[in-house]
Amino acid sequence: DDSWHYTYKPSGLFGWNREEFMYIGEVDSDGRPHGGGFWYDSSFHGECLRGEWVHGAPAGMWFSREYGTGAHFLQCAVGYATARSDCKKDTLHKSALFPHKDQELRFGL
């Protein structure tokens, strides 16, 4: 595991105090969060985020709480399966009024 800790001064009219953010967990060869880890930002709209990371971005399942409001968020994978011929991977926005069945089943997360 690796970790880092930084402080910053927020911009704006009410940015008087320094805030901090830190990460504790696994990192990739560039030092970005990668694998299991915990992110924390102490600003009002900052968040505490615990979960899986892929090269610096939260991915997989994670749980987050906004620091100032206490709002909670949870991301989890949702599976799908389709045999519609009009809903190809890169053209989901082009669904037809009367869909047609494809020869193969496509699925994923």
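As the structure is a prediction and not an experimental result, all values here were calculated from the model.

Draft legend 1. Structural view of the packing of aromatic side chains. Across all of its chains, the model carries nine aromatic pairs by this definition. Joined through ring pairs, the aromatic side chains of Trp4, Tyr6, Tyr8, Phe21, Tyr23, Trp39 and Trp53 make up one cluster.

Draft legend 2. A look at the pairing of strand β6 (residues 72-75). Examined bridge by bridge, strand β5 (residues 57-66) and β6 share four bridges and lie antiparallel to one another. When the bridges of β6 are listed, Ser64 appears paired with Phe73. Following β5, the chain reverses through five residues before pairing antiparallel with β6; Gly70 in that reversal takes a positive phi of roughly 80°.

Draft legend 3. Spotlight on the pairing of strand β2 (residues 19-27). Pairing of β2 with strand β3 (residues 33-41) involves six bridges; the strand directions are antiparallel. In the strand pairing of β3, Gly25 is matched with Gly37.

Draft legend 4. Representation of the side chain of Ser43 within the structure. With respect to the helices, strands and loops of the structure, Ser43 is situated in the loop between β3 and β4 (47-54). One polar contact links Ser43 to Tyr8, side chain to side chain, over a distance of 3.4 Å. Ignoring sequence-local partners within four residues, the contact set of Ser43 consists of Tyr8, Glu19 and Tyr67.

Draft legend 5. How the structure looks around the pattern of salt bridges. Counted by the stated rule, this structure contains three salt bridges. Ionic pairing is found between Asp30 and Arg32, a salt bridge with its closest N-O pair at 3.4 Å. Of the residues examined, Asp30 reaches a relative accessible area of 59% and is grouped as exposed. Residue classification places Arg32 among the partly exposed positions, given a relative accessible area of 35%. The closest approach of N and O atoms between Asp102 and Arg106, which form a salt bridge, is 3.2 Å. Across the pair, exposure class does not vary: Asp102 and Arg106 are buried alike.

Draft legend 6. The environment of Cys76, seen in detail. Summarising the element assignment, Cys76 is placed in the loop between β6 and β7 (80-84). Owing to a relative accessible area of 42%, Cys76 belongs among the partly exposed residues under this scheme. Distance from Cys76 to Gly60, taken between C-alpha atoms, is 6.6 Å for residues 16 residues apart in sequence.

Cut-offs and rules
- Residues numbered from 1 in each chain as written.
- Predicted model: local features only at pLDDT ≥ 70, side-chain atom pairs only at ≥ 80, totals over all residues.
- Heavy atoms only, no water.
- Phe/Tyr/Trp six-rings, centres within 6.5 Å; stacked < 30°, edge-to-face > 60°.
- Pairing = 2+ DSSP bridges.
- Helix = DSSP H or I, 4+ residues; strand = E, 2+ residues; numbered from the N terminus.
- Polar contact = N/O pair within 3.5 Å; in protein donor to acceptor, adjacent residues only side chain to side chain.
- Contact = heavy atoms within 4.5 Å.
- Salt bridge = Lys/Arg side-chain N within 4 Å of Asp/Glu carboxyl O.
- Buried < 20%, exposed > 50% of the residue type's maximum accessible area, 1.4 Å probe, protein only.

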